[in-house]
Amino acid sequence: MTTAPTRETDTRAPSVGTARTRVEGREKVTGAARYAGEIPFTGLVHGWLVLSTVAHGRIRDLDTDPVLAMPGVLAVLDHRNAPRLNTDFASLLGMRPDPTCAVFQHDRVPHRGWPVALVVAETSEQAREAAESLVVHYEEEPHDTDFGADRPDAYRADGIMPAVTEKGDLEARLAESAVVLDAEYTTPEEHHNPMEPHAATAHWDGDRLEVFDSNQGATWVVGDLANLFSIDPASVRVRSEHVGGGFGSKGVRAHQVAAVMAASVLRRPVRVVMTRRQMFTLIGYRSPTVQRIRIGADADGRIRALEHRSLSATSTVFEFVEPSSGVTRVMYDADAHRTENRVVRLDVPSPTFMRAPGEAPGSFALESAMDELATACGQDPVALRLRNDAERGPVSGLPFASRRLSDCFREGARRFGWADRDPRPGLRRDGRWLLGTGTAAASFPAGVAPSTATVTAHPDGRFTVRIAAADIGTGARTALTLVAADALHVDPERVQVRIGDSDFGPAMIAGGSMGTRSWSWAVQTAAREVRERLALGTDIPAEGITVRANTAEAIGALTPAERHSFGAQFAEVAVDPGTGEVRVRRMLGIFAAGRIVNPLTARNQLLGGMIWGISMALHEEAVRDRASGGLVGADLAGYHVPTHADVPRIEADWIDDPDPNDPVGIKGIGEIGVVGAAAAVANAVWHATGVRHRTLPIRPDRVLSAAAREGAPDA
């Protein structure tokens, strides 16, 4: 037996707060890191999903015999022969599972692209050819995919938050206000497309189901699969060591369930990988929204009445609410305050969580309205926001754990050169280009959820951390290495972090900007206990000393408070009035987002969010064909996102803002970067042209038509 060296007083420089390259970076760039669709198996076969070509109706028949006779085809699963599933349960997030994942259970078709069969063959090529040859006969029925503000069948829906909050007499306060703004803002259907497609491989090892998957939380997937197939969760193991992006889309989807079904029938490993086009249908998306903002204010811009009403779309089989009014419940207070989220059921796929769900589209509407209010009151947009900075939760009445929004605006304005801005629109030029600048506020909840972690001290002085975390590209594995190293008082090189395995115990998913915060809390708790044991001179046996931590009790004891990250976004744009082209010339985001564990990967996250905001403002728009009910251009050729040429100069930074209620001081940064970014760009376009755009994206044709309609400056 030996004792690992340790120090009761840590004299080394802290690891947390120092820039570190990803610990798995070399594996990823050399191809050594294997993703869910790359792991080899003996006897592996391949499944290919067949999706409906009608938007509403029922399956009358499937011509499976010719397909089963094709080379290599082993099985065709559909609603007539697939294993039965249980859908009567609540998932990890407290929501019922989307029935889209409960594949092949009935003959109904609720939207175009609904899974109707799985073809399994010896090779992926054989499976695809056979799947594309399968003839499905439908009884087609009329469908409805039209979304708009005038839907009489829209209704209030709670989702992840109450549908309605209100206080005070809204109409009375609006009537008393010196300035009243009443405007409608719309955002289109938007899709997340992580670099790694959704892929899963399922096989049975005796009586135990093993799934190699690309997901945002192994605990989540184990729970849902166990419930769906009515098996003991202890008999399910899910592994996802490397994940190439998620953004809210990588929960339990049709491909995992279909792979498990086929593996159960054939008793061979089965892999199902979605195509990019299938991802546009099966992994969820951000619903389109129509949002109405009404603000009443004093002449100096002090808000007295504030209403934010949002309408989003959902499917006929699953109610998902895009909670766009939620951001208003945090940002600005008023004597009379009302927010509402409504949905309308359509014959479309189910929307889902997408980076900053609610906050991304909601901040576009709210922060555009704040910019319009500043103009109406003759106030500077930054000064207006500072004047209305809330002291307590506008709806909850709870104190903020910390709120440094004003500091973000002051620092951002200084670095951006805001003081030199001429507030009058349509005046600055650079040759043929009209120039403008805009700003917007950002906010995202700083949540935390119980997690478990184990830390093992080995006789050779090294340490192993095990936690069912998911690094979806955020650098979480590296951040946890730094947190563990500081808690153990050792260098990071002595710490190995193993993640993405459900056998490590339950842990929070990578979602809601809560992953690294939740996991770090558990890792630090376990690591500190290990250090305390070693400090007592405890001998380390050959198998090591292992401590397991569960943070449920500590998190449950947190004092109620409003916990959020905040930020200020600034953008400069150039607009060509002759072509309608909009170019973002520079962008700056200053954030108060807790203690930054790894500045290198944190900045990557914030910049990625801001770039996504540019994409939201100028590019992204999924369009549905009314005749077919399907998407037009469901691929990355038809669905536009920004490239390097669209982002010439972008900077993200932060101010000191550790969370006093978190043992590491973390808040979360995964989503706040996109919040407010689209509004900052849109506000800059107004400043450049004098024309307000309340509909995203701001396409060249919309710039030209708006300029012609409103008489904006031309070439």
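Above: the structure in question.
To start, this report covers the structure provided alongside it. (Residues numbered from 1 in each chain as written. Predicted model: local features only at pLDDT ≥ 70, side-chain atom pairs only at ≥ 80, totals over all residues. Heavy atoms only, no water.)

### Side note on the overall build of the protein chain
- The number of helices and strands found in the protein chain is 17 helices and 27 strands.
- A globule of 715 residues ought to have a C-alpha radius of gyration of about 27 Å, and the protein chain, at 26 Å, matches this closely.
- Counting all 715 residues of the protein chain, 62% fall into the buried class.
- If you take every contact in the protein chain between residues at least 6 apart in sequence, the share linking residues at least 24 apart comes to 82%.
- A total of about 26300 Å² of accessible surface is found on the protein chain, and carbon and sulfur atoms cover 49% of it.
- Side chains of the protein chain give 78 positive and 92 negative charges; the mean places of these two sets differ by 3 Å. (Helix = DSSP H or I, 4+ residues; strand = E, 2+ residues; numbered from the N terminus. Rg over C-alpha atoms; globule rule 2.2 N^0.38 Å. Buried < 20%, exposed > 50% of the residue type's maximum accessible area, 1.4 Å probe, protein only. Contact = heavy atoms within 4.5 Å. Areas by Shrake-Rupley, 256 points an atom, 1.4 Å probe, with all protein chains shown as cover. Lys, Arg positive; Asp, Glu negative; His and termini not counted. Charge placed at Lys NZ, Arg CZ, Asp CG, Glu CD.)

### Focus on the pairing of strand E20 (residues 463-466)
- Sheet topology note: the strand E19 (residues 452-457)/E20 ladder contains 4 bridges and is antiparallel. Its bridge partner lying in E20, Ala-457 is registered against Phe-463.
- Hairpin connection, E19 to E20: the antiparallel pair is bridged by 5 residues, and Gly-461 has positive phi, about 90 degrees.
- Direction of pairing for E20 relative to strand E21 (residues 495-498): parallel, over a ladder of 4 bridges. Note that in E21 the partner of Arg-466 across the bridge is Arg-498.
- Once the chain exits E20 it traverses helix H12 (residues 476-488) before rejoining the sheet at E21, and the crossover so formed is right-handed. (Pairing = 2+ DSSP bridges. Right-handed = clockwise from strand over helix to strand, strands pointing away.)

### Side note on the side chain of Asn-215
- Mapping Asn-215 onto the fold places it in the loop between strand E11 (208-213) and helix H5 (218-228).
- For Asn-215, a relative accessible area of 0% corresponds to the buried category.
- Of note is the side chain of Asn-215, whose polar atom sits 3.4 Å from the backbone nitrogen of Ala-218.
- Only 3.2 Å separates the side chain of Asn-215 from the side chain of Ser-240, close enough to count as a polar contact.
- Residues contacting Asn-215, with those up to four places away along its chain left out, are Val-221, Val-238, Ser-240, Val-243, Lys-250, Ala-470 and Ile-472. (Polar contact = N/O pair within 3.5 Å; in protein donor to acceptor, adjacent residues only side chain to side chain.)

### Some thoughts on the sheet that holds strand E10 (residues 199-205)
- Reading across from one edge, E3-E5-E1-E13-E10-E11-E12 is the order of the 7 strands in this open sheet, with mixed pairing throughout. Strands with a single pairing partner mark the edges of an open sheet, and in this sheet they are strand E3 (73-77) and strand E12 (236-239). Along the sheet, successive strands turn relative to each other by an average axial angle of 20 degrees, direction set aside.
- In this sheet, strand E5 (residues 115-121) lies alongside E3 in antiparallel orientation, the contact comprising 4 bridges. Looking at E5, one finds that Val-73 is bridged to Ala-121.
- Strands in contact with H5 are E11 and E12; relative to E12, the strand with the most contacts, it is inclined by about 145 degrees.
- Where helix H6 (residues 254-266) meets the sheet, its contacts fall on strand E1 (45-51), E3, E5, E10, E11 and strand E13 (270-273), and the angle it forms with E10 comes to roughly 30 degrees. (Axes fitted to C-alpha atoms, helices over the stretch in contact; angles between N-to-C directions.)

### Side note on the sheet that holds E20
- Sheet architecture is open: 4 strands sit in the order E21-E20-E19-E22, paired in mixed fashion. Among the strands making up the open sheet, the edge pair consists of E21 and strand E22 (545-550). The sheet shows a mean angle of 15 degrees between the axes of neighbouring strands, taken without regard to direction.
- Docked against the sheet, H12 engages E19, E20 and E21, running at close to 135 degrees with respect to E21.

### Overview of the environment of Gly-537
- Examined against the element boundaries, Gly-537 turns out to sit in the loop between helix H13 (515-535) and E22.
- Given a relative accessible area of 44%, Gly-537 falls into the partly exposed group.

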